[in-house]
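Read off the chains here:
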4 protein chains.
Amino acid sequence: MPLRYIGEITDPIHKNIKFTLVERELIDTFIFQRLRRIRQLAGAHLVYPGALHSRFEHSIGSMFLAGLAGQTLLEKGYLDSDDMIQNLRISALLHDIGHGPFSHLFEEVLKECTTHSHEKLGERIILDTLITDILQRNGYNPITISSLSFGKHKTRFLNEIISGGLSVDLMDYLPRDSYFSGTEYGKVDYHRIINSLEVTNSKKLGISRSALYSYESMLISRYQMFKSVYFHKTVRSGEVMLLNAMKCLNSVLNLTDLSSLDSFFELHDEKVLGMLCDVRDPSLGPKEISYVNLAKDYKKRELLKCIYEYFSLSRQRQELRPDEAIKNTGEHLKSDKKKRIFDAQVSKLKSIIGKYQASGEQVFLDISSAPSIPLAPKKEEVSSIMVVDKKDEYEKSFDQIPLIYVISGYLDMIRVYTNKENRKFYETIIKDSE
Amino acid sequence: MPLRYIGEITDPIHKNIKFTLVERELIDTFIFQRLRRIRQLAGAHLVYPGALHSRFEHSIGSMFLAGLAGQTLLEKGYLDSDDMIQNLRISALLHDIGHGPFSHLFEEVLKECTTHSHEKLGERIILDTLITDILQRNGYNPITISSLSFGKHKTRFLNEIISGGLSVDLMDYLPRDSYFSGTEYGKVDYHRIINSLEVTNSKKLGISRSALYSYESMLISRYQMFKSVYFHKTVRSGEVMLLNAMKCLNSVLNLTDLSSLDSFFELHDEKVLGMLCDVRDPSLGPKEISYVNLAKDYKKRELLKCIYEYFSLSRQRQELRPDEAIKNTGEHLKSDKKKRIFDAQVSKLKSIIGKYQASGEQVFLDISSAPSIPLAPKKEEVSSIMVVDKKDEYEKSFDQIPLIYVISGYLDMIRVYTNKENRKFYETIIKDSE
Amino acid sequence: MPLRYIGEITDPIHKNIKFTLVERELIDTFIFQRLRRIRQLAGAHLVYPGALHSRFEHSIGSMFLAGLAGQTLLEKGYLDSDDMIQNLRISALLHDIGHGPFSHLFEEVLKECTTHSHEKLGERIILDTLITDILQRNGYNPITISSLSFGKHKTRFLNEIISGGLSVDLMDYLPRDSYFSGTEYGKVDYHRIINSLEVTNSKKLGISRSALYSYESMLISRYQMFKSVYFHKTVRSGEVMLLNAMKCLNSVLNLTDLSSLDSFFELHDEKVLGMLCDVRDPSLGPKEISYVNLAKDYKKRELLKCIYEYFSLSRQRQELRPDEAIKNTGEHLKSDKKKRIFDAQVSKLKSIIGKYQASGEQVFLDISSAPSIPLAPKKEEVSSIMVVDKKDEYEKSFDQIPLIYVISGYLDMIRVYTNKENRKFYETIIKDSE
Amino acid sequence: MPLRYIGEITDPIHKNIKFTLVERELIDTFIFQRLRRIRQLAGAHLVYPGALHSRFEHSIGSMFLAGLAGQTLLEKGYLDSDDMIQNLRISALLHDIGHGPFSHLFEEVLKECTTHSHEKLGERIILDTLITDILQRNGYNPITISSLSFGKHKTRFLNEIISGGLSVDLMDYLPRDSYFSGTEYGKVDYHRIINSLEVTNSKKLGISRSALYSYESMLISRYQMFKSVYFHKTVRSGEVMLLNAMKCLNSVLNLTDLSSLDSFFELHDEKVLGMLCDVRDPSLGPKEISYVNLAKDYKKRELLKCIYEYFSLSRQRQELRPDEAIKNTGEHLKSDKKKRIFDAQVSKLKSIIGKYQASGEQVFLDISSAPSIPLAPKKEEVSSIMVVDKKDEYEKSFDQIPLIYVISGYLDMIRVYTNKENRKFYETIIKDSE
């Protein structure tokens, strides 16, 4: 039975997004409303003042796209019934429900201080709160929703609709981040890509040849957004400050105490920033006081300076087909060599800076593989995506197709940040080490 | 001497906005950075989730437009030197510096509980804080800036650049509010309007005939934004809740204690919402507790319902030219009559509802002339704006030009809001009174 | 059975427009391809150089919107099966198939010189060419298509989808003309309007209350496009030149000889302009030679001047409900009076100018009711459109709803055009007559 | 003295473009008006129906950007006075004045049948027609204008403003072609790029480091537009048909007889298409008749099929700095090898197909280096562009900057087209040759 919509939401990206009854009930919970206060991009607004958009809009936009993707797969016969469409929409709606304040930054604190992650939190929320009741009362299985939301469904291509290199997550956040930041890099022809979705023989999500250019464009967008927004030098400065303040002061503030979810639900960007700035525990040591000041500086946008930057570009290390293994060896090796050089550089900087940072000095290493950065252009999605060409009866992974091959490639970066006072000192010791 | 720009900001509305040294110093103060946490539209995001943009971006956008306006007036010989351009830009940058949490809502609390206004606060900030030092150190007169920012400069047309029906304020916020809310109503061809600016013989700001259609379009946009965003039924529901919670709990929270500016600078939207929800004073009476709950409901987006709505449309009451006074009398009177009917309706509702509200019941009257609503389409700007036609040597006020006349007109509205529990009760007593 | 799409077309307005097999066969005929060479707006590119778009794109765009409208009506139960959707799409695709060179201008020549119209030509093309064969071979009834395309289907609301004040025709051309001309006036939220379509008890097409603002916006757009594009002073100058050259030289060129359609199919904008400029018949009289020169001047964009302009604005003459008949009489009469004054003015100018024009002088009267102007804001559609409000169980015609009432209204205009040489002469005799 | 503008033109790309008196006089000539009938992209509308835009709008848009570029260079002290700005604007306005019907296609016919080019024709028009008179009467030197328009001015960076990889030509046509075709690939942040223009020590045009990402984006846009529009398989099919019909029938039609310019000025896209279809010379041989039919097929959009396609991607062959010569040898050689393979493939196909084509068969080879394709991503501009970094006092050519290096690269393509009848035959002989 087709979905029955009961209302709609105005969204700058997808215009009018319709919702069903169960979707409205979920959106209306205070658990979901909370996402209005968690920005999609923790620190991007420091450079792009318009980038104040939240996980709330992104979740609703992802729900919309998940519906389109489901509809395409239904029409092409990959889904049996349209029940799955509502499941996909709900899963997309809830895929970020476990995110905490400052999204990926909190995630990194979680990873360091607990055994949790936003996915685990999300599972818990879907399986054990009033969200669970709403799902059940409306006839949906929380376990199905949770498994789809967090990549654990037994049917691989369904998981890939929600997250990964062809996901509605990516197709919503690229244009959305671009729109609100005012950069023009994130245009994605998601209608065409979604219309072209196919399922390969091995049950992976793929696209048909007709959308190859649009997919290529999306890869380019991702690369440009990474450089100009997600890993922007000043944006990351603010994020490094927040990240380290949270890590350090967590022992006092217990941000990651998840014994009950109630206190977690109270946390949001501005609230936590306020908490970090207001710590007044008399027993604070000098290190902690220094990190309270870091948070205060962040609030006034007095940011750390980047004193060192290193870029390394190399081709995508692809899993070669046997017949190509020999002739390509040269490039393969070259790429490996670059990777080794980069890793060595990271180790060296860590050893130089580590002891100062440990003693409470404000000097930080930032690497493009940090978990707090959305989708650096070197994660593994690209090489796993398939082009399905019905006519020629072949399925290829993307990086074996020349046009994509040219633009894909690792982009590794390292940066060192410190405050004005210590700038000269660290510049000198890094220089001396070279 | 032309302005010397030292950097630029990416803005979705005006693309790249350049700034000068003094502008950067002003923007970098914590006083100005504070505007990042005060939304341009207090409650619009409840209906248009993207509308999270802040006074920070709007102030910078206004600065940009003020520069364009100044440049036009300089080129047409209405300004003597380009020194005034920097003054205009700074004044536009600072015209909202006195705004408090939830912008116009706080303004209404100020008006009720103090003798202050955001303009007075703005003056104080420009004349007596580190902003003052920055201005003086860079060679600008704080008194000039303050008078321009708040409509007190001796040269009328300079004031009109900053605020009013042809101002950069309006020309920035209409397209900005439209962009972030995702409505398509706020398109303004501000380039054309600004290029067409003229100064009339009586030193008022006017536009040349060539921009008449663009100006007409802007009037239409304003009208559409008013209806679909600023005075939207659900948007106003949230705002009425915030407004009344602030008014009631101000006695406990001292939000409007402006004896020192330091505490004022700490206030912002999310902070104040947190304060309203967290009041735990043991001496709170039942009325106060009811308003704490009102704030908590707002936070969860459990909004009051609109149970009554009344619209009244009438022509703009224009100041007639003597030769028209007689033949138009009919329409003039009709308009006056409508106004009287409307005013009577307001009085009646106030008397019905007043006693319940006074006793702490959650029932509220909302009128389109509330100070917390931006620019309802009945304020006086329209009739004061002049068209300058060099060739025909005439100056007309806009409402004497047929095309504008057709679309201008008063739009008065009243609404009554209450909570679910009391809905039936108030619906009945209002109905009975008719 | 849902439509089976076999390909898609990239369109700046609707992005990717999918088409079915029968649609591709129709589009691929030389009869339809011919529309690529007939501009949507005959002379608008003289002022807005980008406005070179053709009936081809508009027809395909209308087909797309007709599909959306059909889908909405199907989902709401107003259509029995989705067969009608394909019929509606084809009818929209072919609704302009009978248009000749310069669209509405040729239409006006047809009306003057023959008993034909583009609708009659369209019927003939659908019922008696290879288009007919394609329809039949694919299982569609040419008579059904033709009746839908030209407003003759027995079910009123189906006709109204194709043409009229709520039609896909209007909803496609307003944003399209706006996009290509570069004006920002034609934004139409057609998704919302189409989603809100309803059928009234009397089988008329209506919209639900939720789309009232969007519909109001579309009315405003129409009004703005009329003034700034369709009836723009200079645009009409070029169109008046083409129109009169075609009328005069038709006797030599036989443009309207429709005995066989083959020669009609050869005609397109640039071809006819070439023919008008190249007439070299030795028997041409001085009047004809003068009109050949008029066409040559058009080609070089040496346009006639507008020497007189008269605007008349009045309220929509609505059919009053009985209970309003008395109190509104005043305005009703006033409106009638304005109309009489306007008509008198037209008669007077005709009598002044007529004899000169008849003797071959280049002096022309242009009235906003000319058939060659798209949708002047005074045609009858507005007052016939219904708002359907399920909850309150009422149906209202739009002009009884206050907000629409305020902006609707007649806009009558007259202009006189002549060449530079005679400018002074006609200015004087018109002035003397006043 | 700053330019004195007397009017403005509405343009979808740059909004309101102002013009001066001399510019209006030039635009108003029939020689310039002629560009309204020459499409910017000869065949793109066959696939992207909206792409009907003409050289007229592009020329005016280029004039606008040339003014911005001149203004930037003046403010940075690279120009002595603002006189040069008007010269630059005029030169940009006229840089395409020598283009004939179907732009680059006619260019290719010219190259094959004459010693002319559109540049030579442009020079002649600027130096010896009424354009010359207008320039002189307004105080501008036709020789200066002509040399700037066609890259012959003694000051290298001035030439580079008008044409080349950083030119206003490119910065206008990429977004314009994208806008009208409805693809979203051609977004160019030309404001930022133009604001960043610098002149290197060697008097070449460069950009400052701050615009590196924007420049990189433009390169990506160019690449995407090349693939999706300029060298689109079906677009090129139509263009190959037109090109070969013009080449073959030129002997009968004398399209390239430039003894007098009057007949050249009569030619435009639709006119020439009509001429090609209407050739009725009784002495036509079978080959000529076959090409008349080719033109007729084009008109009906019955296009040739692509039966063979070959892509070759390789890195940009850069001019290495001496110190890099050794370590990069490997990649250098690899690139050379790919080029040799590609060239060999072209030769082989030519020898296979050549004799059939010579005998009048409709089989054609299309290579991405054809002069009728705008800016394939392998022309030399990229490697000649400089980044100027004031702080670090270096100037680098772009391809030595890692990020650009990654995306630059040769894209060579070959295609073979033929008609449906012969499809199988040529497919077989090409296959057999492999």
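Residues numbered from 1 in each chain as written. Chains lettered and ligands numbered in written order. Predicted model: local features only at pLDDT ≥ 70, side-chain atom pairs only at ≥ 80, totals over all residues. Heavy atoms only, no water.

Take the overall build of chain A next. Within chain A one finds 20 helices and nine strands. A burial count over chain A gives 63% of its 434 residues as buried. Put simply, 73% of the contacts in chain A that link residues at least 6 apart link residues at least 24 apart. Total accessible area on chain A is roughly 16,600 Å²; 50% of this is exposed by carbon and sulfur atoms. (Helix = DSSP H or I, 4+ residues; strand = E, 2+ residues; numbered from the N terminus. Buried < 20%, exposed > 50% of the residue type's maximum accessible area, 1.4 Å probe, protein only. Contact = heavy atoms within 4.5 Å. Areas by Shrake-Rupley, 256 points an atom, 1.4 Å probe, with all protein chains shown as cover.)

Proximity of charged atoms lets side chains of opposite charge pair with each other. All chains considered together, the criterion is met by 90 salt bridges over all chains. Of the charged contacts in the structure, one is a salt bridge between glutamate 8 of chain B and arginine 192 of chain D, with a shortest N-O distance of 3.1 Å. Of this pair, glutamate 8 of chain B sits in strand β1 (residues 5-11) while arginine 192 of chain D sits in helix α11 (residues 190-195), placing the two residues on different chains. In this structure, lysine 271 of chain D and glutamate 266 of chain D form a salt bridge, with 4.0 Å as the shortest nitrogen-oxygen distance. Classification of glutamate 266 of chain D by relative accessible area gives partly exposed; the value is 38%. Connected via shared salt-bridge partners are Glu8 of chain A together with Asp189 and Arg192 of chain C. (Salt bridge = Lys/Arg side-chain N within 4 Å of Asp/Glu carboxyl O.)

All names here are of chain C. Between helix α6 (residues 118-127) and helix α7 (residues 130-137), whose axes approach to 5 Å, the crossing angle comes to 55°. By the angle between their axes, α6 is oblique relative to α7. Residue-level inspection shows Ile125, Ile126 and Leu127 of α6 in contact with α7, the latter providing Ile131, Thr132 and Leu135. Each residue belonging to the contact of α6 with α7 can be placed in one class, and the counts come to five nonpolar, one polar and no charged. (Axes fitted to C-alpha atoms, helices over the stretch in contact; angles between N-to-C directions. Parallel < 35°, antiparallel > 145°, perpendicular 65-115°, else oblique. Nonpolar A, V, L, I, M, F, W, Y, C, P; charged D, E, K, R; others polar.)

For the rest of this paragraph, the subject is the layout of surface pockets. Remark: the empty space left among the atoms is shown by a probe the size of a water molecule rolled over them. Taken as a whole, the second largest pocket spans an internal volume of roughly 1,200 Å³. Along its surface, the second largest pocket is lined by 37 residues, and Glu270, Lys271 and Gly274 of chain A together with Glu270 and Lys271 of chain B are the ones closest to its centre. Listing elements by their share of the lining of the second largest pocket, those giving two or more residues are α2 (30-33), α14 (261-266), α15 (269-278) and α16 (286-299) of chain A together with α2 (30-33), α14 (261-266), α15 (269-278) and α16 (286-299) of chain B. Split into classes, the residues belonging to the lining of the second largest pocket amount to eleven nonpolar, six polar and 20 charged. (1 Å grid on protein atoms, 1.4 Å probe; cavity = no way out; pocket = protein on both sides within 12 Å on 5 of 7 lines; lining within 4 Å. Points joined across faces, edges and corners; volume = space filled by probe spheres on them.)

When chain B is fitted onto chain A, the two copies agree to an RMSD of 0.0 Å after a turn of 180° and an axial shift of 0.0 Å. Viewed as a symmetry operation, the transformation between the two copies matches a two-fold axis. Both copies contact each other with a shared surface, as 100% of the interface residues of chain B are interface residues in chain A too. (Least-squares fit on C-alpha atoms with pLDDT ≥ 70 in both.)

Okay, the interface of chain B and chain A next. Counting from both sides, the interface comprises 33 residues of chain B and, opposite them, 33 residues of chain A. Scanning the region where chain B abuts chain A turns up four salt bridges. One salt bridge in this structure joins glutamate 270 of chain A and arginine 37 of chain B, with 2.9 Å as the shortest N-O distance. At the junction of chain B with chain A, the criterion picks out seven residue pairs in polar contact (both at pLDDT 80 or more). At the level of secondary structure, the elements contributing two or more residues to the side of chain B that touches chain A comprise β1, α2, α3 (55-75), α10 (168-181), α15 and α16 of chain B. For the side of chain B that touches chain A, the per-class residue count stands at twelve nonpolar, ten polar and eleven charged. (Polar contact = N/O pair within 3.5 Å; in protein donor to acceptor, adjacent residues only side chain to side chain.)

So, on to the pairing of strand β4 (residues 205-208) of chain D. Residues and elements named next belong to chain D. Where burial is concerned, the two faces of β4 agree: the one with Leu205 and Ile207 and the one with Gly206 and Ser208 are both buried. Here strand β3 (residues 197-199) runs beside β4; their pairing, made up of three bridges, is antiparallel. By the bridge assignment for β4, valine 199 is matched with leucine 205. Between β3 and β4, which pair antiparallel in sequence order, lie five residues; one of them, lysine 203, sits at a positive phi of approximately 65°. (Pairing = 2+ DSSP bridges.)

With that settled, the discussion passes to the interface of chain C and chain A. By a frequent convention, interface size equals the accessible area lost on bringing the separate parts together. Every contact between the two is made by eight residues of chain C and, on the other side, eight residues of chain A. When the buried area of chain C at its contact with chain A is split by residue, Asn16, Arg192 and Asn195 of chain C rank highest and sum to 56% of it. Scanning the region where chain C abuts chain A turns up two salt bridges. Among the elements of the structure, β1 (5-11), β2 (15-20) and α11 (190-195) of chain C are those that each provide at least two residues to the side of chain C that touches chain A. Per-element accounting of the side of chain C that touches chain A gives the leading share, three residues, to α11 of chain C. In the side of chain C that touches chain A, the residues fall into no nonpolar, four polar and four charged. (Buried area = accessible area lost by both parts, 1.4 Å probe.)

Attention now goes to the state of the cysteines. Here a disulfide denotes a covalent bond joining the sulfur atom of one cysteine to the sulfur atom of another. On inspection of all chains with the given rule, the structure shows zero disulfides over all chains. There is no disulfide at cysteine 113 of chain C, and the cysteine sulfur nearest it, in cysteine 248 of chain C, is 10 Å away. (Disulfide = S-S within 2.5 Å.)

Take the UniProt feature "domain: HD/PDEase" (unreviewed entry) in chain A next. When the UniProt feature table is mapped onto this chain numbering, "domain: HD/PDEase" (unreviewed entry) sits at residues 51-183 of chain A. Within residues 51-183 of chain A, the helical portion is 68% and the strand portion 0%, while the C-alpha atoms at the span's ends are 10 Å from each other. (UniProt positions renumbered as here; feature names shortened; annotations may be inferred.)

Moving on to the domain arrangement of chain A. The assigned domain composition of chain A is domain 1 (5-220) and domain 2 (305-372 + 409-434). With centres defined by C-alpha atoms, the gap from domain 1 of chain A to domain 2 of chain A works out at 32 Å. (Domains from an automatic or database assignment.)

Atom-level detail of predicted coordinates should not be read off regions where pLDDT is low. Residues and elements named next belong to chain A. When the pLDDT values of chain A are averaged, the result is 87; 87% of them are 70 or greater. For the stretch residues 316-332, pLDDT sits under 50, and the model shows 24 contacts to residues farther than four places along the chain or on other chains. Taken over the whole predicted complex, pTM reads 0.86, whereas the ipTM for its chain interfaces reads 0.91. (pLDDT = per-residue confidence, 0-100.)

With that settled, consider the relation of the copies chain C and chain A. Mapping chain C onto chain A calls for a rotation angle of 180° and an axial translation of 0.0 Å; the resulting RMSD is 0.0 Å. Take the interface residues of chain C: 100% of them recur as interface residues in chain A, which is what a same-surface contact looks like.

Here we take up the environment of lysine 120 of chain A. Residue and element names in this part refer to chain A. Along the chain, the position of lysine 120 falls in helix α6 (residues 118-127). Accessibility expressed as a relative area gives 44% for lysine 120, which makes it partly exposed. In this structure, the C-alpha to C-alpha distance between lysine 120 and phenylalanine 150, residues 30 residues apart in sequence, is 8.5 Å. From its side chain, lysine 120 meets the backbone oxygen of threonine 115 in a polar contact 2.9 Å long.

The next point concerns helix α8 (residues 142-149) of chain D. Residue and element names in this part refer to chain D. Of all eight residues making up α8, six are buried, and the element is well covered by its neighbours. Buried residues belonging to α8 abut α4 (83-93), α6 (118-127), α7 (130-137) and α9 (156-162). Between the side-chain oxygen of the N-cap and the backbone nitrogen of isoleucine 143 there are 2.9 Å, and the N-cap of α8 in question is asparagine 141. A positive backbone phi angle near 75° is found at glycine 151, which sits one or two residues after α8.

Turning our eyes to something else, we now look at the packing of helix α10 (residues 168-181) of chain D against helix α12 (residues 212-230) of chain D. Residues and elements named next belong to chain D. Contact geometry of α10 with α12 gives a least axis separation of 11 Å together with a crossing angle of 45°. The orientation of α10 with respect to α12, classified from their angle, is oblique. As α10 runs across α12, the sense of the crossing is left-handed. Contacts from Leu170, Met171, Tyr173, Leu174, Asp177, Ser178 and Ser181 in α10 reach Met218, Ser221, Arg222, Met225, Val229 and Tyr230 in α12. Grouping the amino acids of the contact of α10 with α12 by side-chain chemistry returns eight nonpolar, three polar and two charged. (Left-handed = near helix turned anticlockwise from the far one by under 90°.)

A separate point is helix α3 (residues 55-75) of chain D. A turn of α-helix holds 3.6 residues, and therefore any two residues three or four places apart point the same way. Residues and elements named next belong to chain D. Taking 1.5 Å of rise per residue, the 21 residues of α3 would be expected to cover 30 Å, and the 30 Å separating its terminal C-alpha atoms lies within 8% of that figure. α3 sits mainly inside the fold: 17 of its 21 residues count as buried. If you check the start of α3, you find a side-chain oxygen 3.1 Å away from the backbone N of phenylalanine 56, and it comes from serine 54. Immediately downstream of α3, the backbone of glycine 77 shows phi near 85°, a positive value. (Expected span 1.5 Å × (residues − 1).)

All right, on to unusual backbone geometry then. A positive phi angle is found at arginine 301 of chain B, which is not glycine, with a value near 60°. Counting through the fold element by element, arginine 301 of chain B comes out in the loop between α16 and β5 (305-314). With a relative accessible area of 23%, arginine 301 of chain B lands in the partly exposed category. Positioned with a positive phi, asparagine 254 of chain D is a non-glycine residue whose angle comes to about 55°. Position of asparagine 254 of chain D relative to the elements: it lies in the loop between α13 (233-253) and α14 (261-266). In this structure asparagine 254 of chain D comes out as partly exposed when scored by relative accessible area, which is 47%.

Turning to the environment of glutamate 434 of chain A, a few remarks are in order. Residue and element names in this part refer to chain A. Secondary-structure assignment places glutamate 434 in the segment after α20 (423-432). Take glutamate 434: its relative accessible area is 63%, and that puts it in the exposed class. Put simply, glutamate 434 and lysine 348 are 86 residues apart on the chain and 9.7 Å apart in space, counted from C-alpha to C-alpha.

Residue and element names in this part refer to chain D. Structurally, arginine 176 is set in helix α10. Reaching out from arginine 176, the side chain makes a polar contact with the side chain of aspartate 172 at a distance of 2.8 Å. Excluding residues that lie within four positions of it along the chain, arginine 176 makes contacts with Asp11, Ile13, His14, His53, Glu57, His58 and Gly61.

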